[in-house]
Amino acid sequence: MQSPYIARTFGDGTNMTKIRKYELGWPNGLSIDFHTDRLFWVDAYFDRQGLSLMFSFFKQIPSIHIALVQL
């Protein structure tokens, strides 16, 4: 079984680069800030969010735990 990761590629699927490949369970939400070249992501398995630099191959900024509040 392959471990989860977040990657970027060219439009035709070539030149894949893994941006985030550690401490991921179920990455299921992504958002890109093109002005700062940051990738924001959420992980449902670990209940946390985080961000990585788009052109970095290692974790730059620590993950933030998501506190779920039931109303």
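Bear in mind the structure is a predicted one, so any value in this text is a computation, not a measurement. (Residues numbered from 1 in each chain as written. Predicted model: local features only at pLDDT ≥ 70, side-chain atom pairs only at ≥ 80, totals over all residues. Heavy atoms only, no water.)

Glancing now at the overall build of the protein. For the protein, the helix and strand inventory stands at zero helices and six strands. Ordered by position from N to C terminus, the α and β elements of the protein give β-β-β-β-β-β. By residue count, 21% of the 71 residues in the protein fall in the buried class. Considering only residue pairs separated by 6 or more positions, the protein has 18% of its internal contacts joining residues 24 or more positions apart. Per element, the accessible surface of the protein, about 5,500 Å² overall, is 58% carbon and sulfur. (Helix = DSSP H or I, 4+ residues; strand = E, 2+ residues; numbered from the N terminus. Buried < 20%, exposed > 50% of the residue type's maximum accessible area, 1.4 Å probe, protein only. Contact = heavy atoms within 4.5 Å. Areas by Shrake-Rupley, 256 points an atom, 1.4 Å probe, with all protein chains shown as cover.)

Right, let's talk about the packing of aromatic side chains for a bit. Under the definition given, this model contains two aromatic pairs. With 4.9 Å between their ring centres and 75° between their planes, Trp26 and Tyr45 make a pair best called edge-to-face. Linking Trp26 in the loop between strand E2 (17-20) and strand E3 (27-33) with Tyr45 in the loop between strand E4 (38-43) and strand E5 (48-53), this pair joins segments that are 19 residues apart in sequence. Accessibility expressed as a relative area gives 53% for Trp26, which makes it exposed. Here the aromatic rings of Tyr45 and Phe46 are separated by 4.9 Å at their centres, their planes lie at 90°, and the arrangement is edge-to-face. (Phe/Tyr/Trp six-rings, centres within 6.5 Å; stacked < 30°, edge-to-face > 60°.)

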